[in-house]
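Fold and geometry: a report
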Amino acid sequence: KTSLPCPSNYCTAFTFFVLFIEQDPHVDDGDENTERGNWASKREYILSTIGYAVGLGNIWRFPYLAYKNGGGAFLIPYFVMLVVTGIPLFFLESAFGQFCSQGPINIWRAVPILQGVGIAMVLVTLIVSIYYNVIIAYSLYYMFASFQSPLPWSSCLSWADSNCSSTPRVSCNVSGVLVANWTQYNITCPETDVITDPVQSPSEQYWDRVALQRSSGLDETGPVVWHLALCLLLSSILVAAALIRGIKSSGKVVYFTATFPYVVILILLIRGVTLEGAGDGIQFYIGSQSNLTKLYEAQIWKDAATQTFYSLSIGWGGVMTLASYNSFHNNMFKDAFVVTLTNAGTSVLAGFAIFSILGHMAHIYQMPVGQVVKEGFGLAFIAYPDAMSKLPISPLWSVLFFFMLLTVGLDSQFAGIEVIVTCLLDAFPKIFKHKRALLTTSACAIVYLLGLPCVTQAGIYWVTLVDQFVASWVLLVLALLEIIGICYIYGGNRFIKDIEMMLGSKSFAFWLWWRVCWFFISPSIIVVILVWSLMTFKPPFYGGVQFPVWGLALGWCMVVFILLWIPVVAVYKLMKAQGSPWKRLKTSCSPSKDWHPYLDVHRGERYSEERCCPMRNRENKQEVNVNVISSSWL
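Note that the structure is a prediction, hence the values are computed from the model and not measured. (Residues numbered from 1 in each chain as written. Predicted model: local features only at pLDDT ≥ 70, side-chain atom pairs only at ≥ 80, totals over all residues. Heavy atoms only, no water.)

Turning our attention to the overall build of the chain. Tallying secondary structure elements over the chain gives 27 helices and five strands in all. Relative to its full complement of 634 residues, the chain shows a buried share of 55%. Partitioning the intrachain contacts of the chain with sequence separation of at least 6 by distance along the chain shows that 82% fall at a separation of at least 24. Only carbon and sulfur atoms are counted for the fraction: they give 65% of the accessible area of the chain, which is about 27,700 Å². (Helix = DSSP H or I, 4+ residues; strand = E, 2+ residues; numbered from the N terminus. Buried < 20%, exposed > 50% of the residue type's maximum accessible area, 1.4 Å probe, protein only. Contact = heavy atoms within 4.5 Å. Areas by Shrake-Rupley, 256 points an atom, 1.4 Å probe, with all protein chains shown as cover.)

Structure below.
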């Protein structure tokens, strides 16, 4: 809007820049819901949800579980559990969030007495986001450290102690005297007299003594490890930048962060299978070494169900939050299959890439594959870096691997922070509607500050403590209450009618399988795993270091703090209701007047008349009550 001459290209670019800066992050010309906003495209939602579901556990836990539980035999119970628990619960949470377009707290307007479950979900997500941010910081540090040749953990350098060795130390017991180089003295040593001295690999000592600067235990906090604190700050900045405009900006970022890990996995797989000894590693993973007799053991089924449940992030609130930004008539049924099957396929594919290179490392060390396999931090930051240091052009493979861990972690962190921000926006829309950038930045800053204790010299103990207490069976409790609330209190039939408002009518045969899973199979499996987990609970430890009593007490306090909100909110809802105790209970278990599709155009007769005409409801009170009661059962 100027009379001055201006080259068309420059004017166009300037106009686009101004429009981009001034655009309200909540308003988009293509949005169905202009107040909350929607995903710009179906691809962005799918990629964001895949990125959320595919986490670090797919890379460093699934391959180890498959190896431990009979190799290929583990895939049978894993996919069985995926069908009977993973897909049904993912479908349930997606539909629940999409129907009302609200976060995990406001969504419980459907069953007000269980609104504490939503608060507990947000608290779990907040606490887990703190230590997940730390794991991203570990990945950043190792990625930067990989820009050295040779890799700093390829040999024992000045930071190592006398217990560091790149090769096993073997001695022979000759008449009570340990002889290291017995072959030089022409001594024949029987296998029973060969003694292997315990040593630590360079990668293990680098992890403990350089990266973590690990202290002797939780009692010895030590100073902040500043290189990790700076990486933690960079991680928080990356997350804040990606979420600065909510799903409008993160939806663009996931085009790279959700797809790049697959490129790296394929590259590592192609490189791995060409290495000597790779076949042995794959055989141990799911090859001829598979042990089908493991199927008769209960442990393999428990591990399969647990891995399925946690890898899909059921009970965290993230699936509901991401689905709440869908358009009302989005087919979340197909989405559930796409995301869950992609997640499972990623786990299997990552296992091939991991074990092919571990097989090569075992070949170099002349050791069985089982002796070099680790899980969790041991796999990601000790075993696999050690294996990559043995490859030609090792810095390249190391940078790719840790950059992959970085992108996988960031995708999950995006959803975690989005859960927190969405709940605050839904709770206080007038205050935060035009302050999303400030709210997101504040949330990331708080997560950063709360994560500083986890980058002290005792930080790894704090990370392990939170992981073992918060991100474990607490989620099973929340998921069980979620199923009870939706299927038994709100009503399975009523929920199915809500889904049909989005998808259209379906046959009875179509819903029969989902009814069986939601009402019986899924909750039964969760109860079994929950009871089993509590009965077999062992105090957590890290690196052979036991936690002090006060540390374990703090872990239980975190659990109580999260779950305490459920009875507290339930009691508050009962006290707030009016009438007799029975009437208060019925009111607290019935949907509130604010429970309905977000937009008026989608409410139809079911919600426009029932919710907007209370006088008619009072006149037909007996009939309505009967319908409410009958809809709570099969």
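Next, the rest of the story.
A few words on a nonpolar patch on the surface. Nonpolar side chains collect at one region of the surface, where Phe508, Leu512, Val516 and Phe520 lie side by side and expose about 390 Å² of accessible area between them. For Phe508, the position within the fold is in helix 21 (residues 508-535). (Patch = residues over 30% accessible without salt bridge, like charges linked within 9 Å, V, L, I, M, F, W, Y side chains within 5 Å. Salt bridge = Lys/Arg side-chain N within 4 Å of Asp/Glu carboxyl O.)

The next subject is the environment of Val421. For Val421, the position within the fold is in helix 16 (residues 394-427). Along the chain, Val421 and Arg436 lie 15 residues apart, while their C-alpha atoms are 7.8 Å from each other. Apart from residues no more than four positions distant in its own chain, Val421 is found in contact with Arg436, Leu439, Thr440 and Ala443.

Counting across every chain of the model gives one disulfide. The partner cysteine of Cys156 in its disulfide is Cys164, sulfur to sulfur 1.9 Å. Residues Cys156 and Cys164 are joined by a disulfide whose S-S torsion is about -85°; by sign, that bridge is left-handed. (Disulfide = S-S within 2.5 Å.)

Both the distance between ring centres and the angle between the ring planes are used here to describe each pair of aromatic rings. Counted according to the given criterion, the structure contains 65 aromatic pairs. Ring geometry for Phe91 versus Trp518: centroids 5.7 Å apart, planes at 40°, classification tilted. One end of the pair, Phe91, is in helix 5 (residues 75-100); the other, Trp518, is in helix 21, with 427 residues separating them in the sequence. Using a relative accessible area of 2% as the deciding quantity, one classes Trp518 as buried. The ring of Tyr325 has Arg36 lying over it, and the distance from NZ or CZ to the ring centre is 4.5 Å. Cation over ring: Arg494 sits above Tyr490, and NZ or CZ is 5.0 Å from the ring centre. (Phe/Tyr/Trp six-rings, centres within 6.5 Å; stacked < 30°, edge-to-face > 60°. Lys NZ or Arg CZ within 6 Å of the ring centre and 35° of its normal.)

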